[in-house]
Amino acid sequence: MLTTRKARTAAGSVVVVAVLALTAGCSGSGGKDSEDKADGKGGGKAVSTPRMKIAMVTHSGEGDTFWDIVRKGAQQAADKDNVQFLYSNDKEAKGQAELVQAAIDKKVDGIVVTLAKPEAMESVLAKAKTAGIPVVSINSGSQFSEKYGALSHIGQEEGVAGEAVGTELTKQGKKNVLCVIHEQGNVSLEQRCDGVRKTFKGDVENLNVEGTNAPSAQSSIEAKLQADKNIDAVVALGAPIAALAVKAKDDAGSKAEISTFDLNAEVVRRLKAKEVTFAVDQQPYLQGYLAVDELWLYKTNANVLGGGEPVFTGPAIVTEKDVPRLEKYTARGTR
């Protein structure tokens with residue numbers, strides 16, 4: 001696995017430090033179930049701090065397996081930290097803001113939020129601040145995190161991740177890239193394609209598809225590949241879209257190679273089969289785990305990861321060579 005770093009601040013090493021500190025400072029990384037048996041997924045007793053309630057509100061659409069991994073990380077930390085974990089999501093910006101308001105009304109002890117469509121979240125996060133509820137942002141919208149009052153942001157720098165993809169495709173000798181955006185208006189997805197465009201030495205074209213409608217998305221990619229035989233690389237911005245891109249390529253009779261952002265068990269299988277050339281891993285499990293842990297640490301010990309600077313969980317380029325090491329983790333849904 002090749003990890004991409006670019007002029008990181010000291011915060012770039014915070015993930016490693018935090019994980020080591022948490023491992024040393026707690027009896028384990030498991031929840032109550034792991035008191036009864038060891039299952040290889042973490043173990044130890046939950047902390048004895050007072051019961052807390054933490055809400056996570058994301059912009060996830062239907063069928064996006066990425067968020068299943070985020071939730072597993074968050075739930076693992078919640079079990080360890082004696083936290084009641086409340087998850088909700090809405091792909092529409094207005095709906096997501098309403099869910100954040102609902103969490104405020106429940107008087108939760110902390111909120112984890114994504115900022116994919118940041119303007120819609122500004123007002124409601126100001127209300128969280130007024131209510132004295134700490135917020136941690138994850139995954140998307142890092143440039144808005146501090147402005148909107150979050151303690152810190154946990155995720156990858158999307159532009160840097162895109163640049164890593166552009167550099168890799170240039171090394172492979174590609175000339176014409178199709179960058180598939182599966183959620184129009186999502187600033188993080190647009191930053192990824194912009195990053196690819198910044199470092200790629202050929203042409204990059206964006207294609208907007210409806211990510212929550214798999215047949216429609218696949219059809220759109222297939223039609224584009226049929227219409228333009230010069231496309232020699234397709235960049236999917238999420239693991240479910242990568243699978244659709246592989247099918248679209250085959251049906252279109254295209255020779256384009258597929259790469260993707262994010263991992264899941266199917267992407268690893270396709271890496272192994274050489275149907276996907278590489279993937280960009282941002283470690284979503286860590287995003288959920290560290291966000292809950294940070295809010296617990298803040299409430300119990302006034303800690304802030306990274307001193308308020310972004311805490312980076314990626315990007316890293318994953319290829320077929322990494323498959324043997326990752327298969328068991330993707331199979332259990334934590335990578």
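Scroll up a little and you will see the structure.
This text gives an overview of the structure that appears in the document. (Residues numbered from 1 in each chain as written. Predicted model: local features only at pLDDT ≥ 70, side-chain atom pairs only at ≥ 80, totals over all residues. Heavy atoms only, no water.)

Examining unusual backbone geometry
Here is step 1: Residue Gly314 is joined to Pro315 through a cis peptide bond whose omega torsion reads 10 degrees.
Here is step 2: Assignment of secondary structure puts Pro315 in the loop between strand S12 (311–314) and strand S13 (316–318).
Here is step 3: Here the phi dihedral of Lys107 falls at roughly 55 degrees; this positive angle occurs in a residue that is not glycine.
Here is step 4: Mapped onto the elements of the fold, Lys107 is located in the loop between helix H4 (93–105) and strand S4 (110–114).
Here is step 5: Owing to a relative accessible area of 67%, Lys107 belongs among the exposed residues under this scheme.
Here is step 6: Positive phi, normally seen in glycine, also occurs at Asp262, with a value near 80 degrees. (Helix = DSSP H or I, 4+ residues; strand = E, 2+ residues; numbered from the N terminus. Buried < 20%, exposed > 50% of the residue type's maximum accessible area, 1.4 Å probe, protein only.)

What to know about helix H10 (residues 239–252)
Here is step 1: Over its 14 residues, H10 runs 20 Å from end to end, which matches the ideal 20 Å to within 8%, given 1.5 Å per residue.
Here is step 2: Along H10, 10 of the 14 residues are buried, which leaves the element largely enclosed by surrounding structure.
Here is step 3: Turning to H10, its buried residues number three or more, namely Ala239, Ile241, Ala242, Ala243, Leu244, Ala245, Val246, Ala248, Lys249 and Ala252.
Here is step 4: The secondary structure elements touched by the buried residues of H10 are strand S7 (176–181), helix H9 (214–227), strand S9 (233–236), strand S10 (257–261), helix H11 (265–272) and strand S11 (276–281). (Expected span 1.5 Å × (residues − 1). Contact = heavy atoms within 4.5 Å.)

Quick look at the state of the cysteines
Here is step 1: The tally for this structure, following the rule as stated, stands at one disulfide.
Here is step 2: Through a disulfide, Cys179 is tied to Cys193; the S-S separation comes to 2.1 Å. Looking down the S-S bond of the Cys179 and Cys193 bridge, the torsion is -90 degrees, so its handedness is left-handed. Here Cys179 is found in strand S7, whereas its partner Cys193 is found in helix H8 (residues 187–199), with 14 residues between them in sequence. Here Cys179 and Cys193 have matching classes, each one buried. (Disulfide = S-S within 2.5 Å.)

With respect to the packing of aromatic side chains
Here is step 1: A full pass over the atoms with the stated rule returns three aromatic pairs.
Here is step 2: Between Phe144 and Tyr148, the aromatic rings sit 5.8 Å apart at their centres with planes inclined by 35 degrees, giving tilted as the arrangement. Here the two residues Phe144 and Tyr148 agree in accessibility, since each one is buried.
Here is step 3: Seen in terms of ring centroids, Tyr285 and Tyr289 are 6.1 Å apart; in terms of plane orientation they differ by 25 degrees. Their pairing is stacked. (Phe/Tyr/Trp six-rings, centres within 6.5 Å; stacked < 30°, edge-to-face > 60°.)

Overview of helix H13 (residues 323–331)
Here is step 1: The set of residues buried in H13 consists of Val323, Leu326 and Thr330. Along the long axis of H13, the arc covered by the buried residues comes to 75 degrees, so they all point the same way. Across from the buried face of H13, at angles greater than 90 degrees, the exposed residues are Pro324, Lys328 and Ala331.
Here is step 2: In this structure, the buried side of H13 is in contact with H11 and S13.
Here is step 3: Once H13 finishes, Gly333 follows within two positions and takes phi at roughly 80 degrees, a positive value. (Arc of directions from axis to C-beta.)

Quick notes on the packing of helix H3 (residues 66–80) against helix H12 (residues 284–301)
Here is step 1: Where H3 meets H12, the closest approach of the two axes is 7 Å, and the angle between their N-to-C directions is 35 degrees. For the pair H3 and H12, the sense of crossing is right-handed. On H12, the residues that touch Phe66, Ile69, Val70, Lys72, Gly73, Ala74, Gln76, Ala77, Ala78 and Lys80 of H3 are Pro284, Tyr285, Gln287, Gly288, Tyr289, Val292 and Asp293.
Here is step 2: Each residue belonging to the contact of H3 with H12 can be placed in one class, and the counts come to 10 nonpolar, four polar and three charged. (Axes fitted to C-alpha atoms, helices over the stretch in contact; angles between N-to-C directions. Left-handed = near helix turned anticlockwise from the far one by under 90°. Nonpolar A, V, L, I, M, F, W, Y, C, P; charged D, E, K, R; others polar.)

Remarks on the packing of H10 against H11
Here is step 1: Look at H10 against H11: their axes get within 8 Å of each other, and the N-to-C directions meet at 40 degrees. Classified by the interaxial angle, the pair formed by H10 and H11 is oblique. Seen along the crossing, H10 lies across H11 with a hand that is left-handed. For the pair formed by H10 and H11, the contact residues are Ala239, Ala243, Val246 and Lys247 on the first element and Glu266, Val267 and Arg270 on the second.
Here is step 2: The residue inventory of the contact of H10 with H11, partitioned by class, reads four nonpolar, no polar and three charged. (Parallel < 35°, antiparallel > 145°, perpendicular 65-115°, else oblique.)

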